[in-house]
Amino acid sequence: MSHGIPRTSGGGDRSEQSRQKELQKINEYQSLIDSLSQAVTCNDLSNTTLELTSKVLSFNPEYYTIWNQRRRVLQNLFEPPKDVQSESDILAQVESLLSADLHFLVPLLLKFPKCYWIWNHRYWLLRQTTALLSQETAHKYWTQELGLVGKMLGRDSRNFHGWNYRRFVILGLENLIETKNALSNDTQSNDANGEVVRQEQSITESEFTYTTKMIMSNLSNFSAWHNRSKLIPRLLDERKANAEQRRKMFDEELAFIQQGVFTDPYDQSLWYYHHFLFSELGETNGNAFMTLTNSDRGTYLENEIEAIKDLLEDTDDCKWVYHALVTYAAQYLQVNAGNKLVTMAEIKSWLGELRKLDPMRNKRWDDWEQTLNI
């Protein structure tokens, strides 16, 4: 099982019949490899070679060299035949090849959703739609991909390949819309201040809403939390948020993650996002949310440290609680070293608990102790 998704098992006793069947498949696979090697040697970049790569990759999609050969064949087939003069016929041929290849990948992705080379080839194909087809046609394919990756994440909401691909698709759609806006004013509208509102803003908004949906269906979703952290700076900029609005969003996000952390403090993915929010309080970070005074930082840290201390009553065996306490205490001492809300003795005791709960990282805890000069 991976993320609760069953994997095909190859173990257990096999009958003589199943062994013979497997041997037959091995011989068939080797025969295909031999035929394809001969085609490559002869520099055969025809549809016949393309079909051979399809058969080999259906057996073994991890054979990345064959993906490279497939792209060589496709690039050759993209070139118009000598007897084709019409530009529309040329574009139709290229689109047919790209569409067929995108469809070829779907069953492979369903069977091998974590295979880097399948995703890598799909990236390449989608880029070719932008490079070789009309803008309108390319936009159709990029939009379809958004639906496909949504279905893939519906099957496994924590597949980081799917999340990376989704970010790639969103960026591609935004670039297409931006290009279209640059060529025509018909797709633009003005806000109340008379400034241009671009369509790509709605994509960021909808993606942020999508992360909320995915998180609510599964709190333990590293990829959704990560994507959310990447969207927030853009979201605030596109909304042209002022200081008050930025602070309001920070407070809303903090309340959102606090609800998760206090529901399941043993979930590392929740603490990841919690740490992201509090890293934004530092002076040296990007401060995507807002600019704060030391007094503001101190107040946020004081409130959070007190709240996390309360968690220890029921979760004194949770590494992440102690980790957060040491992290935020160190941050708090930089902001307000004169305040005795947190003592060095307390921090030392929390580090002691971390050593008990996670002895394999003792060197890290030693380094932390030296850094804090305890």
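Structure shown above.
## A word on helix H9 (residues 222–238)
Link 1 in the chain: Here H9 spans 25 Å end to end across 17 residues, near enough to the 24 Å set by a 1.5 Å rise per residue.
Link 2 in the chain: The sharpest bend along H9 reaches about 30° and sits at Leu231, with the proline Pro233 one to four residues further on.
Link 3 in the chain: Ser223, Ala224, Trp225, Asn227, Arg228, Ser229, Leu231, Ile232, Leu235 and Leu236 are the residues of H9 that are buried.
Link 4 in the chain: Just past H9, the residue Lys240 takes up positive phi, approximately 50°.

## Description of the packing of helix H3 (residues 64–78) against helix H5 (residues 116–132)
Link 1 in the chain: Direction vectors running N to C along H3 and H5 enclose 15°, while the axes themselves pass 10 Å from each other. Here H5 runs roughly parallel to H3, going by the angle between their axes. As for the relative orientation of H3 and H5, their crossing is right-handed in sense. Where H3 approaches H5, its residues Tyr64, Trp67, Arg70, Arg71, Leu74, Gln75 and Phe78 are matched on the opposing element by Trp117, Ile118, Asn120, His121, Trp124, Leu125, Gln128 and Leu132.
Link 2 in the chain: When its residues are assigned to classes, the contact of H3 with H5 shows 9 nonpolar, 4 polar and 2 charged.

## Structural notes on the environment of Ile170
Link 1 in the chain: When you line up the elements, Ile170 lands in helix H7 (residues 160–183).
Link 2 in the chain: Setting aside residues no more than four positions away along its own chain, Ile170 makes contact with Leu146, Ile203 and Glu207.

## Some words on the nonpolar core
Link 1 in the chain: Residues Phe289, Ile347 and Trp350 are the most contacted members of the largest nonpolar core, which totals 56 residues.
Link 2 in the chain: Of all elements in the fold, only helix H8 (200–217), H9, helix H10 (243–263), helix H11 (268–279), helix H12 (294–311), helix H13 (319–335), helix H14 (344–357) and helix H15 (362–371) reach the threshold of two or more residues within this core.
Link 3 in the chain: Per-element accounting of this core gives the leading share, 12 residues, to H13.
Link 4 in the chain: Core analysis: the next-biggest nonpolar cluster, separate from the first, contains 45 residues, Ile66, Leu74, Cys115 and Tyr123 among them.

## A closer look at the pattern of salt bridges
Link 1 in the chain: Going through the model one piece at a time under the given rule, you end up with 20 salt bridges.
Link 2 in the chain: Among the salt bridges present, the one from Arg234 reaches Glu174, with a minimum N-O distance of 2.6 Å. Of the two residues, Arg234 sits in helix H9 while Glu174 sits in helix H7, which places them 60 residues apart along the sequence.
Link 3 in the chain: Taking the relative accessible area as the measure of exposure, Glu174 reaches 6% and is therefore buried.
Link 4 in the chain: The salt bridge involving Glu369 is made with Lys348; its shortest N-O contact spans 3.2 Å. Linking Glu369 in helix H15 with Lys348 in helix H14, this pair joins segments that are 21 residues apart in sequence.
Link 5 in the chain: By relative accessible area, which is 18% here, Glu369 ends up buried.
Link 6 in the chain: Taken together, the shared-partner salt bridges connect Lys348, Arg355, Asp366 and Glu369 into one network.

Parameters at a glance
- All residue numbers here refer to positions counted from 1 along the written sequence of the relevant chain.
- Side-chain atom pairs in this predicted model are given and counted only at pLDDT of 80 or more, local residue features only at pLDDT of at least 70, and totals for whole chains, interfaces and linings cover all residues.
- Where side-chain values are given, they derive from all heavy atoms of the structure, hydrogens and water being excluded.
- Counting from the N terminus, the helices are the DSSP runs of H or I reaching at least four residues and the strands are the DSSP runs of E reaching at least two.
- Multiplying 1.5 Å by the helix residue count minus one yields the expected span of that helix.
- In this scheme, the bend at a residue equals the angle between the axes fitted to the seven residues that finish there and the seven that begin there.
- Throughout, exposure labels follow a simple rule: accessible area from a 1.4 Å probe, protein chains only, divided by the maximum for the residue type, with under 20% read as buried, over 50% as exposed, and the rest as partly exposed.
- For every element, the axis is a line fit to its C-alpha atoms; helices are fit only across the contacting stretch, and the angle between N-to-C directions ranges from 0 to 180 degrees.
- Each angle gets one of four labels, with under 35 degrees taken as roughly parallel, over 145 as roughly antiparallel, 65 to 115 as roughly perpendicular, and the rest as oblique.
- Left-handed is the label given to a crossing in which the near helix is rotated counterclockwise from the far helix by less than a right angle, and right-handed is the label when the rotation is clockwise.
- Residue contacts are counted whenever heavy atoms from the two residues lie within 4.5 Å of one another.
- The residue classification treats Ala, Val, Leu, Ile, Met, Phe, Trp, Tyr, Cys and Pro as nonpolar and Asp, Glu, Lys and Arg as charged. All others, Gly included, are polar.
- Nine residue types can take part in a nonpolar core, namely buried Ala, Val, Leu, Ile, Met, Phe, Trp, Tyr and Cys, and a core is a set of them joined through side-chain atoms within 4.5 Å.
- Whenever a carboxyl oxygen of Asp or Glu lies within 4 Å of a side-chain nitrogen of Lys or Arg, that contact is scored as a salt bridge.

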